[in-house]
Amino acid sequence: SQQGEEDPQALSIQEGENATMNCSYKTSINNLQWYRQNSGRGLVHLILIRSNEREKHSGRLRVTLDTSKKSSSLLITASRAADTASYFCATASGYSSASKIIFGSGTRLSIRP
Amino acid sequence: DAGVTQSPTHLIKTRGQHVTLRCSPISGHKSVSWYQQVLGQGPQFIFQYYEKEERGRGNFPDRFSARQFPNYSSELNVNALLLGDSALYLCASSLDRTGAYGYTFGSGTRLTVV
């Protein structure tokens, strides 16, 4: 079952614009992670935000987390053609038991030149 | 330092056959997890192994099995293949069992069942 659900499912923007993707989840979490996937290949870890953090930055990426609303957002500023990919949020919970991350269904981002 | 390596990269099998997929984690990582990703969907958790023991299992039939070796590499085995097993199989390694520092994924094995 999917824990996180990304919104929108697909996003097409002009190069140079900012892209915002949202993720909602259902249960309490220890951390939330964002991944990028190019052309159905391996997932690239972008950023991890812990449940006690509200905002995190990494280069052109900005992630926010609102645990009261069980939601997160990923902002990519000054988008480039190379940012074209699918983006997934994944939630981690239950450190005492089996560790797994549960992925959402992803947002397909297309950057138009 | 090499990342997570998976082999083979592509595989075509016939229904009813079995398949073995292999994964080598990042050096120093003791946890290996397996995920199945069907086209157009997010990855689904199959197994986690840590210190050579199964620590978690997703909602997959008993046809799916795995193991982890003393060098922390891992194999995923699928018996009696079905058409629906066609997917990208991803291996992820993490430093510890909790995954608190994130996961590093391999490039995956694309399995096609015909």
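Note that the structure is a prediction, hence the values are computed from the model and not measured.

Q: Could you give an account of the side chain of Glu75 of chain B, with specific residues and numbers?
A: Residues and elements named next belong to chain B. Structurally, Glu75 is set in strand β8 (residues 74-78). Judged by its relative accessible area of 11%, Glu75 is buried. A polar contact of 3.5 Å, which involves the side chain of Glu75, links it to the side chain of Arg22. Beyond its immediate stretch of four places on either side in the chain, Glu75 contacts Thr20, Leu21, Arg22, Trp34, Ser65, Ala66, Arg67 and Phe69.

Q: Please give an account of the interface of chain A and chain B that cites residues and values.
A: Counting from both sides, the interface comprises 24 residues of chain A and, opposite them, 27 residues of chain B. Between chain A and chain B, roughly 1900 Å² of surface is buried when both sides are summed, and carbon and sulfur atoms account for 47% of that area. Counting across the chain A and chain B interface gives zero salt bridges. Remark: the boundary between chain A and chain B carries five residue pairs in polar contact (both at pLDDT 80 or more).

Q: Go over the nonpolar core, please, and point to the residues and values.
A: Of all hydrophobic cores here, the largest spans 22 residues; its most connected members are Trp34, Ile46, Leu76 and Tyr89 of chain B. Elements supplying a minimum of two residues to this core: β3 (19-24), β4 (31-37), β5 (44-50), β7 (64-68), β8, β9 (87-94) and β11 (109-113) of chain B. If you look at the next biggest cluster of nonpolar residues, it comprises 21 residues, including Trp34, Leu61, Leu74 and Leu109 of chain A.

Basis of the calculations
- Within each chain, residues carry numbers counting from 1 in the order of the written sequence.
- Lettering of chains starts at A and numbering of ligands starts at 1, both following the order in which they are written.
- Local features in a predicted model are, by the rule used here, given only for residues with pLDDT of at least 70; side-chain atom pairs are given and counted only at 80 or more, and totals for whole chains, interfaces and linings are based on all residues.
- Values reported for side chains reflect all heavy atoms of the structure, with hydrogen atoms and water molecules removed beforehand.
- Strands are runs of DSSP state E lasting at least two residues, helices are runs of H or I lasting at least four, and both sets are numbered from the N terminus onward.
- The cut-offs for exposure are 20% and 50% of the maximum accessible area for each residue type, with area from a 1.4 Å probe on protein chains only; residues under the lower value are buried, those over the upper are exposed, and the others partly exposed.
- Between N or O atoms, a polar contact is any pair within 3.5 Å; within protein, one atom must be a potential hydrogen donor and the other a potential acceptor, and residues adjacent in sequence are included only when both atoms are from side chains.
- Residues are treated as being in contact if the distance between any of their heavy atoms lies within 4.5 Å.
- Summed over both partners, the accessible surface that disappears when two parts come together, traced with a 1.4 Å probe, is what is meant by buried area.
- Only one rule defines a salt bridge in this text: a Lys or Arg side-chain nitrogen within 4 Å of an Asp or Glu carboxyl oxygen.
- Residues belong to a common nonpolar core when they are buried Ala, Val, Leu, Ile, Met, Phe, Trp, Tyr or Cys residues joined through side-chain atoms within 4.5 Å.

Geometric descriptors of this kind do not, in isolation, establish any biological role.
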